[in-house]
Amino acid sequence: MLKLDYDVKEINKAIDAVVRKTMTMDLTWDWPCGVAYYGISEAYRVTKNEDYLNFLIKWTDEYIEMGLPSWNVNACAMGHAMFSLYEATGDQKYLDLVMSKIDYLRNRALRFGDNVLQHTVSSNNDFPEQAWADTLFMAAFFMLRVGAKLKDQDLINDALNQYYWHIKYLQDEKTSLWYHGYNNIHKDHMSGFYWGRANAWAAYTMSQVKKNLSDWYLYPPCMDVECAIRDQLAAIKLLQTENGLWRTILDDEEAYEEVSASCGIAAAMIENKNPLHAKYVQKALKGILENISEDGRVLNVSGGTAVMKDREGYRGVPKEWIQGWGQGLALAFLTAILDQKKD
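Residues numbered from 1 in each chain as written. Predicted model: local features only at pLDDT ≥ 70, side-chain atom pairs only at ≥ 80, totals over all residues. Heavy atoms only, no water.

Remarks on the overall build of the protein chain
- Tallying secondary structure elements over the protein chain gives 14 helices and six strands in all.
- For the protein chain, the C-alpha atoms occupy an extent of roughly 50 × 45 × 40 Å along the three principal directions.
- Long-range pairs, those at least 24 residues apart, make up 70% of the contacts in the protein chain with a sequence separation of at least 6.
- Across the protein chain, the mean location of the 36 positive side-chain charges is 4 Å away from that of the 46 negative side-chain charges. (Helix = DSSP H or I, 4+ residues; strand = E, 2+ residues; numbered from the N terminus. Contact = heavy atoms within 4.5 Å. Lys, Arg positive; Asp, Glu negative; His and termini not counted. Charge placed at Lys NZ, Arg CZ, Asp CG, Glu CD.)

Some points on unusual backbone geometry
- Phi at E129 is positive, roughly 50°, even though this residue is not glycine.
- Following the sequence through the fold, E129 ends up in the loop between strand 2 (116-117) and strand 3 (130-132).
- In this model, S176 sits at a positive phi of 70°, which is unusual for a non-glycine residue.
- Mapped onto the fold, S176 is located in the loop between helix 7 (153-170) and strand 4 (181-183).
- Here S176 falls in the buried class, since its relative accessible area comes to 14%. (Buried < 20%, exposed > 50% of the residue type's maximum accessible area, 1.4 Å probe, protein only.)

So, the pattern of salt bridges
- For the structure on display, the rule yields 24 salt bridges.
- Residue R111 is joined to D158 by a salt bridge in which the shortest nitrogen-to-oxygen separation is 2.9 Å. Of this pair, R111 sits in strand 1 (residues 111-112) while D158 sits in helix 7, and the two are 47 residues apart along the sequence.
- Owing to a relative accessible area of 12%, D158 belongs among the buried residues under this scheme. (Salt bridge = Lys/Arg side-chain N within 4 Å of Asp/Glu carboxyl O.)

As for the packing of aromatic side chains
- By the definition in use, this model includes 23 aromatic pairs.
- Consider the rings of W29 and W71, whose centres lie 6.2 Å apart with planes at 20°: the pair is stacked. Of this pair, W29 sits in the loop between helix 1 (8-23) and helix 2 (31-47) while W71 sits in the loop between helix 3 (50-66) and helix 4 (79-89), and the two are 42 residues apart along the sequence.
- Its relative accessible area of 11% is what places W71 among the buried residues. (Phe/Tyr/Trp six-rings, centres within 6.5 Å; stacked < 30°, edge-to-face > 60°.)

Some words on the side chain of N184
- Tracing the chain through its elements places N184 in the loop between strand 4 and helix 8 (196-207).
- A relative accessible area of 10% means that N184 is categorised as buried.
- A polar contact is formed between the side chain of N184 and the side chain of K187, at a distance of 3.1 Å.
- Look past the residues within four positions of N184 in its chain and what remains in contact with it is F112, E129 and Y169. (Polar contact = N/O pair within 3.5 Å; in protein donor to acceptor, adjacent residues only side chain to side chain.)

Quick look at the nonpolar core
- Counting 131 residues, the largest nonpolar core has Y37, L105, Y163 and F333 as the members making the most contacts within it.
- F333 has contacts with C263, A266, A267, I270, V281, L285 and I288, leaving out every residue within four places of it along the chain. (Core = buried A, V, L, I, M, F, W, Y, C linked by side-chain atoms within 4.5 Å.)

Laid out in C-alpha cells, this is it:
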C-alpha cells in the first residue's frame, strides 16, 4: 500500500459526482462508453453503491432490446462492464455478451505477424497491420480478465501474447516511453510521438496483470510486463508537471496537460505498488481533483485521437468537451486510491 494523504469522504464524493455525471451522457455501444462504464463498474466494486449497478443493468438491458452493433476491437471495450455485470449478478445473458466478444477476438478479428490484434474501430480494415496501445485496454486486458476468471489457458496465453508484442512494438528501448502506434508494413512508429494517453493505456493495463493473474510468475510474458512497466513508470514520473499532471505529448513542454492520461498513469502507479511513486501519486491526486467540476465533469480531456501526422496534430486535439474515457479513467484512479487500502 502506498502512503497517501487524502480524505476518504472527499474521494467518495468525487467518485459519486463523476459517476452521476457520466450517467447523464448519451453514450452508445463503443469504446468511449466501454471505458466510462468500466469506471462505473469499478466504482460499484469498491463502494458497493447499488445505484451504480442498477444504472448499468438498466442501460444494458435497454440496449439489448434495441439491438447491438457488430464488434470491432474498440467496441470490445464494452466487454469490461459486461463482465463486471456478470460477476455482480451471475446473470448468464451478460456472460453470453462477453463470450460473443471473446469469440470475435479469437476467431474473426484481424491479426498480423505473431497473431497480434490489429487495431480496428469499425467493421472495415481501418489501419492495416497497425498495433496501437489502445488495444491493450480494449481487448488484451479484457481477454486476460475473462481468461483468468474462467481458467481458460488458451485465452490467457492469447492475452499475454498481445501484451508481449505490444511491448516489443511500442515501447522505446532508449526512453522506456511508449509510442502511440506501430505500422508493421512499413516497420515504423509513423509520426513517432510519446502520446500521453497511449502511455496511460499501456501502464494501466500492465498494472492489472498481477492483480488478475495470481500465478502470473508461471507465465514468461509476465516477466516482460513486469520489466516494461517498471522502466516505463521510472521514466514517466520525471515528466510530471508542477500541477501533478502529464502532457498530451509527454516530453513536449509546449503540449497541454491532459487529465485522462494523468489519471491512467497515476492509477497505474497505485496498482503497481512501488512505494517510491507515492509522492507522484499524491501530487497527481491534487491536480486531478482540481480538474473535476462540482457536477462531476472531468476537465481538460483530449478528444478521440488517431495516430496523428505530426506534433501539431496532437497539440491541436480539443480538450474542452466531456469525454467517456476521461470519466472512466478518473474513476479508475479514484477507486484505486480507495481499493489499495485493502492491501
